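# Observations on the model geometry
Each chain, letter by letter, is given below.
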Amino acid sequence: MTKKFKLLILVVIIATSCSSSKKLNLWTKQSKIKEVKNFESRLNPNSDFLNQNVSLSESIYPKVKEFEMANPLIIKREKKGLLPVYAEYFYSKPDSILRYVSYDWENNRYGNYFDKKKDWETQSKKLTDYNAEYERIKKQLISEFGQPIEQDNQPQETKSDYGGPDYLSRKTIWKSDERFMKLNMIFGASTYRIRLYYYWK
């Protein structure tokens, strides 16, 4: 085997490994929460399962008042790219059926305020990186779910609904007969995050 051929094989192996490590690994089936937990454990047996009190508002999940919601299953996945991913699975009780899913690419999502504040200046200099990560995620979503019904091509200046400072944002929306899905990015106003969320109609 020639050196050139060995080098080619090595390059292919490395490229395949890098591509695989950046897969989104989404759970898109409306199932019992036990199946979701098993899925996350298979992705990484050493996954960090977090215990946080988190609730949903009607503005992001219009059906929230129709169910008695349990505290979500939250997993901090191993960091493999620009940002760690927090997978959050909201389910109803007592049936344990998954109702709403959120994936957040965010640094120190559940850290204390002072640690987050120290990090804001660092994150505020990474707009190009965040935008590239957004495009990477969006490309994979289009490959799996088809073209969105609404999208933008670059960050948009956005006014805060709560009187805070303006910030940059992006959004992409998919709709089908069974699911609503939205990818968005907030960059500024003390929030530096890419979020994908979806729910079943």
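For the structure, check the block above.
Residues numbered from 1 in each chain as written. Predicted model: local features only at pLDDT ≥ 70, side-chain atom pairs only at ≥ 80, totals over all residues. Heavy atoms only, no water.

### A look at the overall build of the protein chain
Secondary structure assignment for the protein chain yields four helices and eight strands. Going residue by residue from the N terminus, the α and β elements of the protein chain occur as α-α-β-β-β-β-α-α-β-β-β-β. Across the 201 residues in the protein chain, those meeting the buried criterion constitute 39%. By element, 50% of the accessible surface of the protein chain is carried by carbon and sulfur atoms, the whole surface being about 12,200 Å². (Helix = DSSP H or I, 4+ residues; strand = E, 2+ residues; numbered from the N terminus. Buried < 20%, exposed > 50% of the residue type's maximum accessible area, 1.4 Å probe, protein only. Areas by Shrake-Rupley, 256 points an atom, 1.4 Å probe, with all protein chains shown as cover.)

### A look at the sheet that holds strand E6 (residues 167–175)
As a general point, the strands of a sheet are linked pairwise by backbone hydrogen bonds and lie either parallel or antiparallel. In space, the eight strands of this open sheet follow the order E1-E2-E3-E4-E8-E7-E6-E5, with antiparallel pairing throughout. With partners counted over all chains shown, the strands left at the sheet margins are strand E1 (48–50) and strand E5 (156–158), one partner each. Each strand of the sheet is rotated relative to its neighbour by a mean of 25 degrees, with strand direction disregarded. One ladder, built from seven bridges, connects strand E3 (residues 85–91) with strand E4 (residues 98–106); its direction is antiparallel. Looking across to E4, one finds that Tyr86 is bridged to Asp104. Across the sheet, helix H2 (residues 33–43) lies against E1, strand E2 (73–76), E3 and E4, angled at about 165 degrees from E3, the strand it touches most. (Pairing = 2+ DSSP bridges. Axes fitted to C-alpha atoms, helices over the stretch in contact; angles between N-to-C directions. Contact = heavy atoms within 4.5 Å.)

### What to know about the nonpolar core
Ranked by internal contacts, the top residues of the largest apolar core, which has 33 residues, are Tyr89, Tyr103, Trp105 and Leu196. For this core, the secondary-structure elements that each account for two or more residues are H2, E2, E3, E4, helix H4 (127–145), strand E7 (179–188) and strand E8 (191–200). Broken down by element, this core gets its largest block of residues, five residues, from E8. Excluding residues that lie within four positions of it along the chain, Trp105 makes contacts with Leu24, Leu83, Pro84, Val85, Glu133, Arg136, Ile137, Tyr192, Arg193, Ile194 and Leu196. (Core = buried A, V, L, I, M, F, W, Y, C linked by side-chain atoms within 4.5 Å.)

### A look at H4
Its 19 residues give H4 an end-to-end C-alpha distance of 26 Å, which sits within 8% of 27 Å, the value for a rise of 1.5 Å per residue. Along H4, the residues classified as buried are Tyr130, Asn131, Glu133, Tyr134, Arg136, Ile137, Lys138 and Leu141. Where H4 is buried, its residues meet E4, helix H3 (113–123), E6, E7 and E8. Downstream of H4 by a residue or two, Gly146 has a phi angle that is positive, lying close to 90 degrees. (Expected span 1.5 Å × (residues − 1).)

### A few points about the pattern of salt bridges
Applying the stated criterion across every chain yields a total of 18 salt bridges. Between Glu35 and Lys29 there is a salt bridge, and its shortest N-O distance comes to 3.1 Å. Between Glu150 and Lys171 there is a salt bridge; the shortest N-O distance is 3.2 Å. In this pair, Glu150 is assigned in the loop between H4 and E5 and Lys171 in strand E6, connecting sequence segments 21 residues apart. Taken together, the shared-partner salt bridges in this structure form one network comprising Glu88, Asp104, Glu106, Arg109, Lys116, Arg193 and Arg195. (Salt bridge = Lys/Arg side-chain N within 4 Å of Asp/Glu carboxyl O.)

### What to know about unusual backbone geometry
Looking along the chain, the bond that leaves Lys93 and enters Pro94 is cis, with omega of 10 degrees. Assignment of secondary structure puts Pro94 in the loop between E3 and E4. In the Ramachandran plot, Ala189 falls in the positive-phi region, its phi being about 55 degrees despite a non-glycine side chain. Positionally, Ala189 belongs in the loop between E7 and E8. Within the chain, Ser190 stands out as a residue other than glycine whose phi angle is a positive 65 degrees.

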